[in-house]
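The residues making up each chain are set out below.
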Amino acid sequence: NTAGKPIRCRAAIARKPGEPLVIEEVIVAPPNSREVRIKIICTSLCQSDVTFWKLEIPPAIFPRIFGHEAVGVVESVGEGVHEVVEGDTVIPIFLPDCGECTDCLSDRSNLCTKLPFSVSPWMDRDETSRFTDIKGETLYHFLSVSSFSEYTVVDIAHLTKIDPAIPPNRACLLSCGVSTGVGAAWKTAKVEAGSTVAIFGLGAIGLAVAEGARLCGAKRIIGIDVNQDKFELGKKFGITDFLNSRNCGDKSVSQIIIEMTGGGSDCCFECVGLTSLVHEAYASCRKGWGKTVVMGVDHPEAMLSLSSFEVLHSGKSLMGSFFGGLKPKTDIKILEKRYKDKELQLDKFVTHEVDFDDINKAFDLHREGKSLRCVIWM
Ligand code: CXF
Ligand code: ZN
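Here the structure is a predicted model, which means the values were calculated and not measured.

S.K.: Which residues make up the overall build of the chain, and what values do they have?
M.R.: Helix and strand counts for the chain come out as 11 helices and 17 strands. Here the chain has a C-alpha radius of gyration of 21 Å; the compact-globule value for 378 residues is 21 Å, and the two agree. Projected onto the principal axes, the alpha-carbon positions of the chain cover approximately 65 × 40 × 40 Å. Residue burial in the chain is summarised as follows: out of 378 residues, 53% are buried. Intrachain contacts of the chain at a sequence separation of at least 6 include 70% that bridge at least 24 residues. Accessible surface, the chain as shown: approximately 16300 Å² in total, 54% of it carbon and sulfur.

Encoded structure:
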């Protein structure tokens, strides 16, 4: 029985920005109050891991254990944890859900006030780390999860129980990217049956938005990308129409979408992280009721610029969607059920699977643009 004792196990450590991860022995301290130590079963690589692994300027901090999309089993619980017990299967979620603050108690928000989201290198409640290397040096956490380790400690506000019968290489997808995209269509935009949707950028998030729009009964799902190969791929995710933004001649993407749809798309999603594309998406949605959802992040200084007359006169909405507007403790269970009912399709997102020892292959595949989700088995 390991409860209450430090655990020595293997973790993939990022020692320097952009350099291959190194698998080393680490010491994982027991969970403090309201924390849970979990044994990771599998994890998958998400764009945000890569973004922060490459980052050389603050808030970059090293050595760090990345990884935040995962599924695991509870090894032991800290004081005051009544929600899960040893042996439960759980998925960690970077977004906290304390269950007590005004926002967590409201079904209109997923932005916890008690443990506000930040890209902190520490545990949420006491700003310390549970990881050290064998020399005793502190290793930093990432997004309150740090799943590139055989064991990790996660605050109970970041854990959701899941049915252990769901294959782990599917369950882990519900932890971040796929849920984010599906949620943006379902919870943020509330895509209506029969409607038209335009998705700017067909990476994993854009394709997950397509999956969500398909589940909502969208009639037309227009994918926009610079890579023509994304059309064939997109068809598997319900993309009905494709627009290559490099082949628009002297027209803008929005002009073409307005022509294609007879006045604009009901909902537009920006899934790249370019302000220029947010402008194009906003221009592509229908006056009167169109919604544009911002999902990508541009560099921190990048500003949007919209004419106040247009905003006033168009009646369009511009919305942000963090974790797809999903409430971790309630909505993930609904997605889980839709997967079990064979409505939500997760299989098609898993393009690669590797052993933990080959974790750097997941980064290579991501760089080569070859993978949607690469599952890493511990
Ligand atoms: C991200 C969203 C942008 C900030 C870091 C976390 N979510 C998950 O990958
Ligand atoms: Zn993520």
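S.K.: Describe the pairing of strand β4 (residues 69-77), listing the residues and the values that go with them.
M.R.: Counted residue by residue, β4 has seven buried out of nine residues, so it is predominantly covered. Bridging between strand β3 (residues 35-44) and β4 involves eight bridges; their strand directions are antiparallel. Each residue of the ladder has a partner; that of T43, found in β4, is A70. In the sheet, β4 pairs with strand β5 (residues 89-92) via two bridges, with the strands oriented antiparallel. Among the inter-strand pairings, G72 is bridged to a residue of β5, identified as V90.

S.K.: Could you give an account of the packing of aromatic side chains, naming the residues involved and the relevant values?
M.R.: To describe a pair of aromatic rings, you give the distance between the ring centres and the angle between the ring planes. A full pass over the atoms with the stated rule returns 12 aromatic pairs. Seen from their ring centres, W53 and F363 are 4.7 Å apart, and the 65 degrees between their planes marks the pair as edge-to-face. Of this pair, W53 sits in helix α1 (residues 47-54) while F363 is found in helix α11 (residues 359-367), placing the two residues 310 residues apart along the sequence. For W53, a relative accessible area of 5% gives the class buried. Taking 5.3 Å as the distance between ring centres and 75 degrees as the angle between the ring planes, the aromatic pair formed by W122 and Y140 counts as edge-to-face.

S.K.: Outline the nonpolar core, supporting the account with residue identities and numerical values.
M.R.: If you look at the biggest cluster of nonpolar residues, it comprises 84 residues, and the most contacted ones within it are F148, V191, V197, I199 and F269. If you tally residues by element for this core, the top one is helix α5 (residues 204-215), at seven residues. Residues contacting V191, with those up to four places away along its chain left out, are A185, V197, A213, C216, A218, C267 and F269. Of all hydrophobic cores here, the second largest spans 13 residues; its members include I222, C248, L277 and A281.

S.K.: I'd love a proper account of unusual backbone geometry, names of residues and values included.
M.R.: If a residue is not glycine, its phi is most likely negative; likewise, a peptide bond is most likely trans. The omega torsion across P58 and P59 is 10 degrees, close enough to zero to call that bond cis. Structurally, P59 can be placed in the loop between α1 and β4. The linkage connecting F62 with the following residue, P63, adopts the cis geometry, with an omega of -5 degrees. Locating P63 in the fold gives a position in the loop between α1 and β4. Phi is positive for L143, which is not a glycine, with a value near 50 degrees.

S.K.: Could you give an account of the coordination of the zinc ion (ligand 2), with specific residues and numbers?
M.R.: Protein coordination at the zinc ion (ligand 2): the donors are C46 (SG), H68 (NE2) and C176 (SG), at 2.0 to 2.2 Å from the metal. Viewed at the metal, the four donor atoms of the zinc ion (ligand 2) are separated by angles of 99 to 125 degrees, and the geometry they form is tetrahedral. When the donor residues of the zinc ion (ligand 2) are listed from N- to C-terminus, their spacing reads C-x21-H-x107-C. Placement of C46 in the loop between β3 and α1 and of H68 in the loop between α1 and β4 is noted, with a sequence separation of 22 residues between them.

S.K.: Explain the sheet that holds strand β7 (residues 138-139) to me, using residue names and the numbers behind them.
M.R.: Reading across the sheet, the four strands line up as β1-β2-β6-β7 and stay open at both edges, with antiparallel pairing between neighbours. Every interior strand has two partners, whereas the edge strands, β1 (7-13) and β7, have only one.

S.K.: Residues and numbers for the packing of helix α4 (residues 177-188) against α5, please.
M.R.: Packing of α4 against α5 leaves a shortest axis separation of 7 Å and a crossing angle of 45 degrees. For the element pair α4 / α5, the angle class is oblique. Judged by the twist between their axes, the crossing of α4 over α5 is right-handed. Residues G177, V178, T180, G181, V182, A184 and A185 of α4 form the contact with α5, whose participating residues are I205, A208, V209, E211, G212, A213 and L215. In the contact of α4 with α5, the residues fall into nine nonpolar, four polar and one charged.

S.K.: Account for helix α8 (residues 275-284), naming residues and giving values.
M.R.: Burial runs high along α8: seven of the 10 residues are buried. For α8, the set of buried residues is T275, L277, V278, E280, A281, Y282 and S284. Where α8 is buried, its residues meet β10 (196-200), α7 (253-261), β13 (267-270), β14 (291-294), α9 (308-314) and β15 (317-320).

S.K.: Account for the pattern of salt bridges, naming residues and giving values.
M.R.: Applying the stated criterion across every chain yields a total of 28 salt bridges. For the salt bridge of D88 with K161, the shortest nitrogen-to-oxygen distance reads 3.6 Å. Taken together, the residues span a long stretch of sequence, with D88 in the loop between β4 and β5 and K161 in strand β9 (residues 159-161) at a distance of 73 residues. Assessed through its relative accessible area of 16%, D88 is described here as buried. Exposure remark for K161: the relative accessible area of 39% places this residue in the partly exposed category.

Calculation criteria
Residues numbered from 1 in each chain as written. Chains lettered and ligands numbered in written order. Predicted model: local features only at pLDDT ≥ 70, side-chain atom pairs only at ≥ 80, totals over all residues. Heavy atoms only, no water. Helix = DSSP H or I, 4+ residues; strand = E, 2+ residues; numbered from the N terminus. Rg over C-alpha atoms; globule rule 2.2 N^0.38 Å. Buried < 20%, exposed > 50% of the residue type's maximum accessible area, 1.4 Å probe, protein only. Contact = heavy atoms within 4.5 Å. Areas by Shrake-Rupley, 256 points an atom, 1.4 Å probe, with all protein chains shown as cover. Pairing = 2+ DSSP bridges. Phe/Tyr/Trp six-rings, centres within 6.5 Å; stacked < 30°, edge-to-face > 60°. Core = buried A, V, L, I, M, F, W, Y, C linked by side-chain atoms within 4.5 Å. Donors = N, O, S within 2.8 Å, 3.2 Å for Na, K, Ca; no water. Tetrahedral: all angles 85-135°; square planar, octahedral: opposite > 155°, others 65-115°. Axes fitted to C-alpha atoms, helices over the stretch in contact; angles between N-to-C directions. Parallel < 35°, antiparallel > 145°, perpendicular 65-115°, else oblique. Left-handed = near helix turned anticlockwise from the far one by under 90°. Nonpolar A, V, L, I, M, F, W, Y, C, P; charged D, E, K, R; others polar. Salt bridge = Lys/Arg side-chain N within 4 Å of Asp/Glu carboxyl O.

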